[in-house]
Amino acid sequence: MSYDLIIKNASIPQGDRQVLTDILVNKGVIVGFAKDIEADAAEIIDAGGKLVLPGVIDSHTHFNDPGFTHREDFVTGTSSAAAGGVTMIVDMPCCSVPSVRSADNLFNKLNALEGKGIVDYAMWGGITGEDVRNNVLPEIISEQIANGVVAFKVYMTPSVPSYPRVTDPEMLEAFAAVSPTGLPIGIHAENFAICDYFTNKLKGEGRLDYPAWAEARMALAEKAAIQLGISFAEETGARLHIVHMSTGAGNELIREAKLKGTKVTAESCPHYLTLNAVDAMTEFGTFAKIAPPLRTAKDNEVLWQGLADGTIDFMATDHAPYEIATEKDAPGMDVWTSFPGIPGVETLVPIMISEGYNKGRLSLSRLVELLCTNPAIHYGLYPKKGALEIGTDADFTIVDLEKEWTLDKDQMHCKPKYTPFHGMKLKGKVDKTIVRGTLVYDDALGVVGKPGHGEYVKRQTISELPRLLKY
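This structure is a prediction, so every number in the text was calculated from the model and none was measured.

Reading guide: rules and limits
Residues numbered from 1 in each chain as written. Predicted model: local features only at pLDDT ≥ 70, side-chain atom pairs only at ≥ 80, totals over all residues. Heavy atoms only, no water. Pairing = 2+ DSSP bridges. Helix = DSSP H or I, 4+ residues; strand = E, 2+ residues; numbered from the N terminus. Buried < 20%, exposed > 50% of the residue type's maximum accessible area, 1.4 Å probe, protein only. Arc of directions from axis to C-beta. Contact = heavy atoms within 4.5 Å. Axes fitted to C-alpha atoms, helices over the stretch in contact; angles between N-to-C directions. Parallel < 35°, antiparallel > 145°, perpendicular 65-115°, else oblique. Left-handed = near helix turned anticlockwise from the far one by under 90°. Core = buried A, V, L, I, M, F, W, Y, C linked by side-chain atoms within 4.5 Å. Right-handed = clockwise from strand over helix to strand, strands pointing away. Disulfide = S-S within 2.5 Å.

Undergrad: Is there a simple way to explain the sheet that holds strand S9 (residues 125–126) in this structure?
TA: Within a beta sheet, neighbouring strands are joined by backbone hydrogen bonds and run either parallel or antiparallel to one another. Strand order in the open sheet formed by 6 strands is S9-S10-S11-S12-S13-S14, with parallel pairing between adjacent strands. The sheet is open, and its two edges are formed by S9 and strand S14 (314–315), each paired on a single side. Summarising the sheet, S9 and strand S10 (residues 152–155) pair through 2 bridges and their orientation is parallel. Pairing of Gly126 across the sheet is with Lys153, part of S10.

Printed below as a string of structure tokens:
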């Protein structure tokens, strides 16, 4: 028999063990596994015993296309994903023009992205305070679901002008409207009043040091927002999801809510696991400014434990770069006026391998759940995505666990070249990225995927997310 692709000598995860096998691919899907198979193939890739993960999913990106492509566009964003071992992204609804808050808006975005993606992509749907006030929630929710969105996003603090935040009662209305659909509703969990008040207070005191950003948007702002979200989930039965959770206090709230049976999940990001506000913001200034801000070394450790024990369900990046010359480091900009956001899609896998798996903080099985399986299940993409099984898409993230290297911002593939991880020494590097049987990145060759290979993937199912601490 002939195959389109055979990946030889692939070390695949089986629980916490690795098993050496050959992976057989036809028409973009896995069709079999064998040991030392002798068969014809249009292409043979020798993994050389390296770890082959199911394709990694980054379910929280802002690729800014169409509308803000001076920051990032879909070609550069998906190139960065491929270089980082990410085979699929789920893009947020807010950072495009128009923002995705209806089927027409979604079609506008998908049409603009046609022919640009190097990796596969799904879409978040959108709900804003304006939509609640205009009494259009049933219509816009149902039409976005009909066209495959995987979840809905609301902001408790301001995002972009075309995506108004929700007030507390507007958020309750959004929860009640989304609850019957079974889809998750994700919240940017920062209490607006707290953040606004203390930002103005510290500005009035003349604070211009960058750690002041983290003091103004204090951990209590996230804690209060998560507590409110949990209360709303309990009241409405909605599936609450906390995006980019940054605090140890948030982790404890999620743990307690799950034990009570509340439908709540959470993600975190590599920067909240490995960086702290005082050190990183002192060294990198605006290039470490994000929202929510970086926290403390104690928060880092609590979040690692939350990942290990199942409190935190999966990882994402909140990839949100800004143009350096006009939005990050323009003349006259300071801690309060520079834009909050960093690239992340290219550093997710290396950091989780180096600082998580290779340092013993995460088992192999937990690494696969956090990067691959759980986001796929949560967003209704499993088993098409997130698995190494016969019939699943032939998406693979091949990792050299032993390669030691130093992260260099100038070698990144995103449009603006900055990262607070610049200079970080890592062990473990992406060797190859394969999307539906096609090589899109090779460490020796760079990004080799062609724009247009990536496909829009609609939600496949509506399913709950299994976890160690069940809700």
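Read on for the rest.
Undergrad: Any chance you could explain helix H5 (residues 168–178) here in plain terms?
TA: Think of an α-helix as 3.6 residues a turn; residues three or four steps apart then line up on the same face. All of the buried residues along H5 are Glu170, Met171, Ala174, Phe175 and Val178. For H5, the arc enclosing every buried residue in end-on projection is 145°, short of the 170-degree limit, so these residues lie on one face. On its buried face, H5 is in contact with helix H3 (129–133), helix H4 (137–146), S10, strand S11 (184–188), helix H8 (219–236) and strand S12 (239–242).

Undergrad: Sorry if this is basic, but what is going on with unusual backbone geometry here?
TA: A negative phi angle characterises most non-glycine residues, just as the trans form characterises most peptide bonds. With an omega of -5°, the peptide bond running from Val97 to Pro98 counts as cis. Here the amide bond leading from Ala291 into Pro292 is cis, since omega sits at -5°, within 30 degrees of zero. Along the chain, the position of Pro292 falls in the loop between helix H11 (277–284) and helix H12 (297–309). Of note in the backbone geometry, Lys27 takes a positive phi value of approximately 50° without being a glycine. Structurally, the position occupied by Lys27 is in the loop between strand S2 (17–26) and strand S3 (29–34). Its identity is not glycine, yet Arg436 carries a phi of approximately 50°, on the positive side. Following the sequence through the fold, Arg436 ends up in the loop between strand S16 (425–435) and strand S17 (438–442).

Undergrad: Where do I start with the sheet that holds strand S7 (residues 86–91) in this structure?
TA: Read across the sheet, 3 strands follow the order S6-S7-S8 without closing on themselves; strand pairing throughout is parallel. Bordering the open sheet on either side are strand S6 (56–61) and strand S8 (120–123), each of which pairs with just one other strand. Strand-to-strand twist in this sheet, taken as the mean axis angle between neighbours without regard to direction, amounts to 25°. In this sheet, S7 lies alongside S6 in parallel orientation, the contact comprising 4 bridges. Bridging across to S7, Thr61 finds its partner in Asp91. Packed on one face of the sheet, helix H2 (residues 103–113) meets S7 and S8 and runs near 165° to S8.

Undergrad: Looking at this model, I keep getting lost on the packing of H5 against H8. Mind explaining?
TA: With their axes 9 Å apart at the nearest point, H5 and H8 run at an angle of 40° to one another. With respect to each other, H5 and H8 are oriented oblique. In terms of crossing hand, the pair formed by H5 and H8 is right-handed. Where H5 abuts H8, its residues Asp168, Met171, Leu172, Phe175 and Ala176 lie against Leu228, Gly229, Phe232, Ala233 and Thr236.

Undergrad: Please clarify how the nonpolar core should be interpreted in this entry.
TA: Soluble globular proteins tend to pack their nonpolar side chains together in the buried interior. Counting 107 residues, the largest nonpolar core has Phe175, Ile187, Ile242, Leu294, Leu307 and Met352 as its most contacted members. In this structure, Leu294 is in contact with Ala214, His271, Tyr272, Leu275, Asn276, Ala277, Ala280, Met281 and Ala288, ignoring residues within four places of it in sequence. Core analysis: the next-biggest nonpolar cluster, separate from the first, contains 19 residues, Trp124, Val243, Ala376 and Val457 among them.

Undergrad: Honestly, H2 in this entry has me stumped. Any pointers?
TA: Listed as buried for H2 are Ala103, Asn105, Leu106, Lys109, Leu110 and Leu113. Down the axis, H2 shows its buried residues gathered within 160° of arc, on one side only. Facing away from the buried side of H2, by more than 90 degrees, are the exposed residues Asp104 and Asn111. On its buried side, H2 packs onto helix H1 (74–83), S7, S8 and H4.

Undergrad: What is the right way to look at the pairing of S11 in this model?
TA: As a general feature of sheets, a regular strand has side chains that alternate between the two faces. The buried fraction of S11 amounts to 5 of the 5 residues, a majority that puts the element mostly inside the structure. Residues Pro184, Gly186 and His188 line one face of S11 and the alternating positions Ile185 and Ile187 line the opposite face, and both faces are buried. Both S10 and S11 contribute to a ladder of 4 bridges, which runs parallel. Each residue of the ladder has a partner; that of Tyr155, found in S11, is His188. This β-α-β element, S10 to H5 to S11, shows right-handed connectivity.

Undergrad: Honestly, the state of the cysteines in this entry has me stumped. Any pointers?
TA: Applying the stated rule across the entire model yields 0 disulfides. Cys195 carries a free sulfur, and the closest cysteine sulfur to it, the one in Cys269, is 16 Å from it. Owing to a relative accessible area of 3%, Cys195 belongs among the buried residues under this scheme. We note that Cys414 lacks a disulfide partner, and the nearest cysteine sulfur, in Cys95, lies 15 Å from it.

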